[in-house]
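# Architecture at a glance
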Amino acid sequence: QVQLVESGGGLVQPGGSLRLSCSASGNIPRINRMGWYRQAPGKERELVALISDGGNINYGDSMKGRFSISRDNVDNTVHLQMNSLQPEDTAVYYCAIEIYYTNYWGQGTQVTVSS
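We now turn to the structure provided with this report. (Residues numbered from 1 in each chain as written. Predicted model: local features only at pLDDT ≥ 70, side-chain atom pairs only at ≥ 80, totals over all residues. Heavy atoms only, no water.)

What follows covers the sheet that holds strand β3 (residues 18-26). Read from one edge to the other, the open sheet built from 4 strands follows the order β1-β3-β8-β7, with strand pairing classed as antiparallel. Two strands bound the open sheet, and with one partner strand each, they are β1 (2-7) and β7 (67-72). Ignoring strand direction, the axes of neighbouring strands in this sheet form an average angle of 15°. By the bridge criterion, 6 bridges tie β7 to strand β8 (residues 77-82) in an arrangement that is antiparallel. Within β8, the position partnered with S70 by the bridge is H79. (Pairing = 2+ DSSP bridges. Helix = DSSP H or I, 4+ residues; strand = E, 2+ residues; numbered from the N terminus. Axes fitted to C-alpha atoms, helices over the stretch in contact; angles between N-to-C directions.)

Next up, the structure:
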């Protein structure tokens, strides 16, 4: 079994920052990609950022320059530093990992950007 535990969501004012973390545990031989997706009310789930075990990174277009993803392969954790947050960043953020072409999802953590 694979378990993902997310932390770090919350309420922040526009222009503020948050740091999300996700820790994977269980029977995990090797994690290929780790990262985050988000889903706002009434919208489809979209890519936030993904990082491979080799360090290759992909960001969603609106996140480039504001968000930064990193991972720790020893602890099987992934972090997302979010800066210059705007109201349109409000969404549920989901941690995702890929193990041997199978995707696993966290339960999601709410991020709300509002004054």
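Continuing now.
As a further point, take the pattern of salt bridges. Considering all chains together, one arrives at 6 salt bridges under this definition. The salt bridge partner of E98 is R33, with a shortest N-O separation of 3.0 Å. With E98 in strand β9 (residues 91-99) and R33 in strand β4 (residues 33-39), this pair connects stretches of sequence that are 65 residues apart. Judged by its relative accessible area of 34%, R33 is partly exposed. (Salt bridge = Lys/Arg side-chain N within 4 Å of Asp/Glu carboxyl O. Buried < 20%, exposed > 50% of the residue type's maximum accessible area, 1.4 Å probe, protein only.)

Glancing now at the environment of S21. Summarising the element assignment, S21 is placed in strand β3. Between the alpha carbons of S21 and G8 there is a distance of 6.2 Å; along the sequence they are 13 residues apart. If we skip the residues at most four places from it in the chain, S21 touches V5, E6, S7, W36, V78 and H79. In this structure the side chain of S21 is engaged in a polar contact, spanning 2.8 Å, whose partner is the side chain of H79. (Contact = heavy atoms within 4.5 Å. Polar contact = N/O pair within 3.5 Å; in protein donor to acceptor, adjacent residues only side chain to side chain.)

The next subject is the state of the cysteines. Per the stated rule, a full pass over the model turns up 1 disulfide. Across a sulfur-sulfur distance of 2.1 Å, C22 and C95 are joined as a disulfide pair. Since a negative S-S torsion denotes a left-handed disulfide, the C22-C95 link at about -80° is left-handed. One end of the pair, C22, is in strand β3; the other, C95, is in strand β9, with 73 residues separating them in the sequence. Taken individually, C22 and C95 each receive the classification buried, so the pair is uniform in this respect. (Disulfide = S-S within 2.5 Å.)

Core analysis: the largest hydrophobic core is formed by 29 residues, its most contacted members being W36, L80, M82 and Y93. When residues of this core are assigned to their parent elements, the largest contribution, 5 residues, is made by β9. With sequence-adjacent residues up to four places away left out, L80 is seen in contact with L18, R19, L20, W36, V48, A49, F67, S68, I69 and Y93. (Core = buried A, V, L, I, M, F, W, Y, C linked by side-chain atoms within 4.5 Å.)

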